[in-house]
Number of protein chains: 2
Amino acid sequence: MEAAARVIARRGVRGLRVEELAAEAGVSTALIYYHFKDRTGILRQTLEFINDRAERYTTERAADAPPLTAREELEQTLLLELQETVEVRENSTAWGELRASAVFDETLREDLARATRVWVQEIAGLLGAVRPMSSAVALAGAAERLTALLEGLSTRWLSGSLPLAHARTLMADAIDAEVTRLGS
Amino acid sequence: MEAAARVIARRGVRGLRVEELAAEAGVSTALIYYHFKDRTGILRQTLEFINDRAERYTTERAADAPPLTAREELEQTLLLELQETVEVRENSTAWGELRASAVFDETLREDLARATRVWVQEIAGLLGAVRPMSSAVALAGAAERLTALLEGLSTRWLSGSLPLAHARTLMADAIDAEVTRLGS
DNA sequence: GTCTATACGAGGATAGAC
DNA sequence: GTCTATCCTCGTATAGAC
């Protein structure tokens, strides 16, 4: 699964070649087909793997780390997705590909919409901790804008249209704007 | 070019088959290769085509239409990309696909980055007309956020994670937030 | 479980006639 | 400019030995 994540990060969901995956994993293509039903099976299991991994690294904090304020937690959670680490790049790339594929492949839409809903609610919850007096509608709207912006910035970053540092600045400013707006 | 836009909107950049494009245009595959150097050439010219077309439909106004205020022009320009018409859906789909495929294919990055820069500057200009006292840096930042958000919302819309009407509301609210922020 | 070898189909690209 | 016919590479998937 780790090899699959690497290859998808390198070639994309639709650019994944079973032969290349086999080489990356150090096995033969036949063995891949022994373990997975077909190409789609590989994709499906890899995406599950990637989702579990994302859940882990956005939740995890060092045991001796100082407790975060609500505002810090909000910023960390969003800015964690704009980082130059292997795991994050692989996950962001795969997520972007999943999203883009769903435009043409209906089978992925359901899962994606559900995952998006969960994510938006998580961010709305964090926003609510920062601005407890806000209405649920306002929180949901802000969360939808922030997560959609993150997807947009992420794709621009990965496609070479936007330096990572600048993407982070823009994201931080957007968080600031939304929090300010909720507070007014 | 119109046929190419249709096929890309239907299959995606990486799902585009020269054979299908030829059929869509009512010609042979050989004729496609006579007019375009190769598959990449098709893609590159299609990107140019959809940009020109977008430029046209976001700029064009009916001759007898009342003149727009700067704020109205800004809103129209951005919200026009979130509409259920054939041209807009094709353009948004193709743009999203070109953006997504640039993550894995370097050949289009340059063109895409340039087109993005032009678009951001156009929006920054409109924002400047609404808030003339703003600094160039603040205007550029707001324009980058608004255009990146539009890309994010657009992809969510096209992938079935977000109803069009809701996407429009979120976009309008974001414009409102950015304009307010520049004015403060 | 894991390999080598290969069948098979799809699709990009070209040759050459008209 | 436009076509038909075709080459050839690449990628999925399977057969069968160990």
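Rules used in this analysis
Residues numbered from 1 in each chain as written. Chains lettered and ligands numbered in written order. Predicted model: local features only at pLDDT ≥ 70, side-chain atom pairs only at ≥ 80, totals over all residues. Heavy atoms only, no water. Least-squares fit on C-alpha atoms with pLDDT ≥ 70 in both. Contact = heavy atoms within 4.5 Å. Helix = DSSP H or I, 4+ residues; strand = E, 2+ residues; numbered from the N terminus. Buried < 20%, exposed > 50% of the residue type's maximum accessible area, 1.4 Å probe, protein only. Polar contact = N/O pair within 3.5 Å; in protein donor to acceptor, adjacent residues only side chain to side chain. UniProt positions renumbered as here; feature names shortened; annotations may be inferred. Near = heavy atom within 4 Å. Nonpolar A, V, L, I, M, F, W, Y, C, P; charged D, E, K, R; others polar. Phe/Tyr/Trp six-rings, centres within 6.5 Å; stacked < 30°, edge-to-face > 60°. Salt bridge = Lys/Arg side-chain N within 4 Å of Asp/Glu carboxyl O. Patch = residues over 30% accessible without salt bridge, like charges linked within 9 Å, V, L, I, M, F, W, Y side chains within 5 Å. Areas by Shrake-Rupley, 256 points an atom, 1.4 Å probe, with all protein chains shown as cover. Lys, Arg positive; Asp, Glu negative; His and termini not counted. Charge placed at Lys NZ, Arg CZ, Asp CG, Glu CD. pLDDT = per-residue confidence, 0-100.

## Some points on the relation of the copies chain A and chain B
No. 1: The transformation that overlays chain A on chain B combines an axial shift of 0.3 Å with a rotation of 179°, and the residual RMSD is 1.1 Å. Here the two chains are linked by the operation of a two-fold rotation axis.
No. 2: An overlap of 100% is found between the interface residues of chain A and their copies at the interface of chain B, pointing to a shared contact surface.

## As for the side chain of Glu151(B)
No. 1: Tracing the backbone through its elements, the reader meets Glu151(B) in helix H8 (residues 136-158).
No. 2: You can call Glu151(B) buried: its relative accessible area is 8%.
No. 3: Side chain to side chain, Glu151(B) and Arg99(B) meet in a polar contact 2.9 Å long.
No. 4: Those residues in contact with Glu151(B) that lie beyond four places of it in its chain are Gly152(A), Arg156(A), Trp95(B), Arg99(B) and Trp119(B).

## Focus on the UniProt feature "DNA-binding region" (unreviewed entry) in chain A
No. 1: Mapped onto the present numbering, the UniProt feature "DNA-binding region" (unreviewed entry) falls at residues 17-36 of chain A.
No. 2: Regarding residues 17-36 of chain A, the helix share stands at 75% and the strand share at 0%, and the terminal C-alpha atoms are separated by 14 Å.

## A few points about the protein's contact with DNA strand C
No. 1: Residues in contact with DNA strand C amount to 14 residues; listed here are only the nearest, Ser28(A), Ala30(A), Val18(B), Tyr33(B) and Arg39(B).
No. 2: With respect to DNA strand C, the side chain of Arg17(B) contributes an N or O atom lying 3.2 Å from a phosphate oxygen.
No. 3: Within the side chain of Tyr33(B), one N or O atom sits 3.0 Å away from a phosphate oxygen of DNA strand C.
No. 4: Mapped onto the surface near DNA strand C, the elements with two or more residues apiece are helix H3 (29-35) of chain A together with helix H3 (29-35) of chain B.
No. 5: Here the element with the most residues in the surface near DNA strand C is H3(A); it accounts for four residues.
No. 6: Here the residues of the surface near DNA strand C sort into eight nonpolar, three polar and three charged.

## Quick look at the packing of aromatic side chains
All names here are of chain A.
No. 1: If you walk through the whole model with that rule in mind, you get two aromatic pairs over all chains.
No. 2: Considering the side-chain rings of Trp 95 and Trp 119, the 6.2 Å spacing of their centres and the 80° angle between planes classify their relative orientation as edge-to-face. On the criterion of sequence distance, the pair formed by Trp 95 in helix H6 (residues 86-102) and Trp 119 in helix H7 (residues 109-130) is long-range, its members being 24 residues apart.
No. 3: Under the relative-accessibility criterion, Trp 119 is labelled buried at 16%.

## Regarding the interface of chain A and chain B
No. 1: Counting residues at the interface gives 41 residues for chain A and 42 residues for chain B.
No. 2: For the pair chain A and chain B, the number of links is eight salt bridges.
No. 3: Arg181(A) serves as the salt-bridge partner of Asp176(B), at 3.4 Å between the closest nitrogen and oxygen.
No. 4: Summed over the shared surface of chain A and chain B, the number is 15 residue pairs in polar contact (both at pLDDT 80 or more).
No. 5: Listing elements by their share of the side of chain A that touches chain B, those giving two or more residues are helix H1 (2-11), H6, H7, helix H8 (136-158) and helix H9 (164-183) of chain A.
No. 6: In terms of residue count, the dominant contributor to the side of chain A that touches chain B is H8(A) (12 residues).
No. 7: A breakdown of the residues in the side of chain A that touches chain B according to their chemical character gives 18 nonpolar, 10 polar and 13 charged.

## A word on the side chain of Thr147(B)
No. 1: In this fold, Thr147(B) is placed in helix H8.
No. 2: Residues contacting Thr147(B), with those up to four places away along its chain left out, are Arg156(A), Trp119(B), Val120(B) and Ile123(B).

## Details of the UniProt feature "domain: HTH tetR-type" (unreviewed entry) in chain A
No. 1: What UniProt calls "domain: HTH tetR-type" (unreviewed entry) maps, in this numbering, to residues 1-54 of chain A.
No. 2: The distance from the first to the last C-alpha atom of residues 1-54 of chain A is 14 Å, and the span holds 76% helix and 0% strand.

## Quick notes on a negative patch on the surface
Residues and elements named next belong to chain A.
No. 1: A grouping of Glu 48, Asp 52, Glu 55, Glu 73 and Glu 122 is seen on the molecular surface, where their side chains present a negatively charged patch.
No. 2: In terms of residue count, the dominant contributor to the negative patch is helix H4 (residues 39-59) (three residues).
No. 3: Tracing the sequence through the fold places Glu 122 in helix H7.
No. 4: Judged by relative accessible area, which is 36%, Glu 122 ranks as partly exposed.

## Things to note about the confidence of the model for chain A
No. 1: Across chain A, the average pLDDT comes to 93, with 100% of residues at or above 70.
No. 2: Within chain A, H8(A) carries the highest mean pLDDT (98), whereas H4(A) carries the lowest (85).

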